[in-house]
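# A structural walkthrough
Residues per chain, in single letters:
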Amino acid sequence: MSTYLYIALIPLLPLVSFLLLGLFGRKYFRSSAGALGTMALAASTIISFAAAYQYFFIDGKADGIYQKIVPFSVSWLPFSESLSIDMGVLLDPISIMMLVVVSFVSLMVHIFSLGYMKGEERFSTYYSFLSLFTFSMLGLVLSSNIFQIYMFWELVGVSSFLLIGFYFDKPTAVAAAKKAFIVTRFADFGFLVGILILSYYSNTLDFPTLIEKLSDPGSEASLAISSAGFLGISAFTWALALVFMGGAGKSAMFPLHIWLPDAMEGPTPVSALIHAATMVVAGVYLVARLFPVFSTNDTALTLISYTGVISALIAAIIACTQTDIKRVLAYSTMSQIGYMMFALGLNPESGDNNLGYMASMFHLFTHAFFKSLLFLGAGAIIHFVHSNDMRDMGGLRKWMPLTHATFLIACLAIAGIPPFAGFFSKEEILLAAYDSNMIIYFIALITGALTAFYMFRLYFSIFWNKDSTHTADHGEGPLSMKVPLVILAIFTLVAGLLPFSEYITANGAPIETHINLGFSIAPVLLAITGTILAGWLYKTPGDKPAKLAAALGGLYRAAYHKFYIDEIYLFITKKVLFNLVGKPAAWFDRNIVDGTMNGMAAVTAKISWLTKGIQNGRVQSYALWFFGGVAALSVLFIYLWK
Amino acid sequence: MNDLLIIMKQELLLTLIIFVLLTLKIAKDMDNGAFLNLVNLLLAINFVVGFLGGMEGMLFNEMYHTNSLIILEKNILNLGTLIISLQSWSWLKDHKHVAEFYILLLCTLLGMFFMISAGNLLMFYLGLELSTIPLAAIANFDLAKRKSSEAAMKLIISSAFSSGLLLFGISLVYGSTGTLGFAGIAASYSADPMQLFAFVLLLAGFGFKISAVPFHLWTADVYEGAPVAVTSYLSVISKGAILFVLVPVLYTVFKPIAESWYNMLYLLSVVTIIVGNLFAIRQENFKRFLAFSSIAQVGFILVGITGSSSAGSSAVVYFVLIYIFSNLAAFGVVSFVSATTGREGISDYKGFYKTNPVLSWVLAIGLFSLAGVPPTAGFFGKFFLLLAGAGKGNYILLTIAALNMIISLYYYLRIVKAIFMDSNDHPIEKLSVPVFPKLALYLCMAGIVFTGFVRYVYDYIQSLSIGF
């Protein structure tokens, strides 16, 4: 299938742009950096759309099923005869879909930033980071090898670290960047160990081969990995749970989500790119990529769906209490990704598990558009108001008519009100949940109502409520900020109407879906109720919200403090870990190592300092440790642990 | 006779160089600059000739043997020595005893060559001593610094102690098997208590040289006190040589007690990684920091060795090669900064990027590679070690190792942050790097990129590797 060779250009163009801007940006592209980056990405986007057209409508299908195509793969570092690290491209419906989503949203962000970041001193640096991020994300999406995906996964982490910490003279931004990096790194450790276990049993790192070997429960590799165990759980479950841990870290799933709200310290267009449509869905993408393997292990699926649904609910509750508009959006992202995650984990007793997978990918697709629209809208608002706090806003609909209209469309979409995009994808998810697990279905239903409530709380607080104190001295923003809003709004309107199940399913064969009017009544009614409640509370200024908060008492306070999860982490790391590990180590170093050193320094007589160095016991103590080690090893291995 | 010349080519060439330097020292009064040019040229020739037409074989009743892997390992050590020599240019150009420095240094290298090629415990012991005693002498070469003499004294006394125990172990081996030849030992070794004890003593001797916990305590003092050139030589070349011996000794000579040594290595690697990391976090002196972090690195190498497969063996050689490049990149910058400004604290490096962007990048890439951040070569090295270790299916070991990779990332990153993000009222001034140290840094950078991104290096190593 060499006809797809041109795909390599899609990630390479942003890479070239990164290298150019990174190396020469400050000298030669000080003002044209934005144009250069945007043009490179526009070309990538066009090629992505062309590739999608070719794949879905011309030659992706064989016997009515979309094929996995590997147009090329270069063996890079062969570890042993069967294990080798390859650099390749894997095309299948989800990677093509992600290509389109990533390049398109990134293009919108590039355009939007032309206006938003204008006048920024490190303008060219910003665009070089943006290009690096886009390159790594596109590389991640196209990876044909589990190890290759891990590399790009790390690279995405590094570039998002750079972007979140872009305002590096702001301590909170640097802290947030560090927190995001360390939390996701911690999760990646699980991913790495998971890869090691999977590759050890399946003897391959290549995705298609890995899936083939492990998705058939009768195969040799599957039997081996399922029969080996550790702490009463099979190696298979361990490996999948660890890989999922990596995904959960990147996708900000409970309890690894704590980095996401803080990451809002980055420039707002960056949030639209990283924390709406691309990096945070990488975890969902990873699980989807290995879905045939995951779907043979019920324990792992259950873990995924409950992690997803709990994250969705918790994030929705917290979002209802936050006042920083970007944090509300951050929690809503976490909540929506929770939807995608639990939909992947649904495994109905009867029938195939295709619907959950399809619904999850569908929601990923629609969510990318309306969430990046919301973030960019928030960017325009912050640009106008110079504040992140919704209490500083109100009545903005008069000053920002276009932002108002597009923001409203996005809110309706995320709330799941027909005929906007979010309605269709959420509907499929709920349908899949209804078919397999009623508990999850009800939680998802409640979360849906909460979603409508907090989104419209945001909407009414920003655009209605009290009258604006702002003057019309500056407008909504330059054209470059308006165009992406309009384009994304159009996509939000039409994305839901695509016949998604025709194209993207777990096994490549189209499935039948239909909107069941009776089934839709409950979620839509709940969404409307949430909206009306938000309108009643927040459309006009008053003390109703405060009274409600007082009435809810402890629950409100707990949600406002994000259920104290950050504090729990602090307690564990600072108090428990520090006291149990750090302190003894420090004590040892101070008293045994430094103590002897200080002892030596204290004696400053004129006698040969060399003999002193020996006589003060230091070298003897080294010998003692040495001998102790020999004795311990001997006793242990000769008598105890034969 | 001709065979002997070719088989021992690397040793003979090195001996020749030593004699040339000795003669020059006695016969002619050369100024330091010319002398250093000559030495570096000779070392470069030595490195290149090492690659030409080697031959496998055994000599002297199996006392000495060589094969393609051993030739490669010696070449790796040659390269490392050359880089260190280039890096120390700034330090040596004003030193009174340059010729002595090189003569002693090359003697230790010669000792390592004999050690790697040993086919007999006696030969191994001789090589080991030849590679240690002159090192203690050159650890004292910062003549004006007390700490340098202290380091030398500590090194020689600790080594003597470890050698004593090692000899005791060797004599027990001889007593119980009646032979010192590797082949003979392999044929008659078993897990009876005396032989296990003898093995523990040998392992402790190895552990001392690679500074595995708890045999590591000399490391920090000696590394801090010795001149940076010696420190980097100790932490890279010495360690590499011992690791090159350790793998075949464990895999072939002590194969009969593989189960026992697997468990011992398991224990040692866990302790070494954890202790190395915990201490590295607290260090404020850059050299001391590198010393402790290199202890943790050895722990990772031990994880790879536990794999007991040809993959384990090739992963170790591959990692040592990468480790040489990465560690010398970091040491190179630190050594240059320390030689020109005398500043060695980590906090001195705050704002280093503002004044020395190129050196900062070299240092950062070296540290990233040491930390194992993809896509630097160090990442592949570590990943292969873990993959080799995974061959035994010991998840506890893997989990500990992977967790520690994150911890180590934290402290490496802390330095990178200091270099790039922290501000400093008195940053290290702008430095211009002379030709030789610059060349060394370029070599390291090229090495990090080349070994990571080009498959032939690993392919070649793998094609030569042994295992069982």
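Basis of the calculations
Residues numbered from 1 in each chain as written. Chains lettered and ligands numbered in written order. Predicted model: local features only at pLDDT ≥ 70, side-chain atom pairs only at ≥ 80, totals over all residues. Helix = DSSP H or I, 4+ residues; strand = E, 2+ residues; numbered from the N terminus. Buried ≥ 20, exposed ≤ 12 C-beta atoms within 10 Å, placed from the backbone. Contact = placed C-beta atoms within 7 Å. Nonpolar A, V, L, I, M, F, W, Y, C, P; charged D, E, K, R; others polar. Axes fitted to C-alpha atoms, helices over the stretch in contact; angles between N-to-C directions. Parallel < 35°, antiparallel > 145°, perpendicular 65-115°, else oblique. pLDDT = per-residue confidence, 0-100. Expected span 1.5 Å × (residues − 1).

Further remarks concern the overall build of chain A. If you tally the helices and strands in chain A, you get 27 helices and six strands. For chain A, with 642 residues in total, the buried portion stands at 55%. Pairs at least 24 apart in sequence give 79% of the contacts found in chain A among residues at least 6 apart.

Before going further, it helps to spend a moment on the overall build of chain B. Tallying secondary structure elements over chain B gives 21 helices and two strands in all. Split into buried and exposed, the 468 residues of chain B put 60% on the buried side. Here the analysis covers contacts within chain B between residues at least 6 apart in sequence; of these, 81% occur between residues at least 24 apart.

It is worth spelling out unusual backbone geometry at this point. The phi torsion at A:Ala252 lies on the positive side, around 55°, for a residue other than glycine. Phi at B:Ser211 takes a positive value of approximately 45°, unusual for a residue other than glycine. Mapping B:Ser211 onto the fold places it in the loop between helix H10 (193–209) and helix H11 (218–225).

For the rest of this paragraph, the subject is the interface of chain A and chain B. Counting residues at the interface gives 39 residues for chain A and 49 residues for chain B. Counting residues per element, the ones that place at least two in the side of chain A that touches chain B are strand E3 (69–78), helix H5 (146–164), helix H6 (171–202), helix H25 (565–602), helix H26 (609–615) and helix H27 (618–640) of chain A. In terms of residue class, the side of chain A that touches chain B is made up of 31 nonpolar, five polar and three charged.

It is worth spelling out the packing of helix H15 (residues 325–345) of chain A against helix H16 (residues 354–385) of chain A at this point. Residues and elements named next belong to chain A. Relative to each other, H15 and H16 sit at 170°, their axes nearing to 8 Å. With respect to H16, the element H15 is oriented roughly antiparallel. Contacts between H15 and H16 pair Ile325, Lys326, Leu329, Thr333, Gln336, Tyr339, Met340, Ala343 and Leu344 from the former with Gly356, Tyr357, Ala359, Ser360, His363, Leu364, His367, Lys371, Leu374, Phe375 and Ala378 from the latter.

We now examine the confidence of the model for chain B. Residue and element names in this part refer to chain B. With 99% of its residues at a pLDDT of 70 or more, chain B has an overall mean of 84. Looking across chain B, the model is least confident in helix H1 (residues 2–7), with a mean pLDDT of 74, and most confident in helix H6 (residues 98–116), with 91. Scored by ipTM, the complex comes to 0.77, with pTM at 0.69.

All names here are of chain B. In this structure, phenylalanine 325 sits in helix H15 (residues 310–341). In sequence terms phenylalanine 325 and leucine 443 are 118 residues apart; their C-alpha atoms lie 7.9 Å from each other. Excluding residues within four positions of it along the chain, phenylalanine 325 makes contact with Ala377, Cys444, Gly447, Ile448 and Thr451.

By the secondary structure assignment, A:Thr492 is in helix H20 (residues 479–494). A sequence separation of 126 residues divides A:Thr492 from A:Thr366, and the C-alpha atoms of the two residues are 6.9 Å apart.

Okay, helix H2 (residues 33–59) of chain A next. When the terminal C-alpha atoms of H2(A) are compared, their 37 Å separation across 27 residues agrees well with the 39 Å that a helix rising 1.5 Å per residue should span. Residues of H2(A) that are buried sit in contact with helix H1 (9–28), strand E4 (84–91), helix H3 (93–116) and helix H4 (123–142) of chain A.

Mapped onto the elements of the fold, B:Leu321 is located in helix H15. Excluding its chain neighbours within four sequence positions, the residues that come into contact with B:Leu321 are B:Ile76 and B:Thr451.

This part is about the confidence of the model for chain A. When pLDDT drops low, the exact placement of atoms in the prediction is not to be read closely. Per-residue pLDDT for chain A averages 78, and the proportion of residues at 70 or more is 86%. Low pLDDT, under 50, characterises residues 595–617 of chain A; the predicted model gives this stretch 20 contacts beyond four residues in sequence or across chains.

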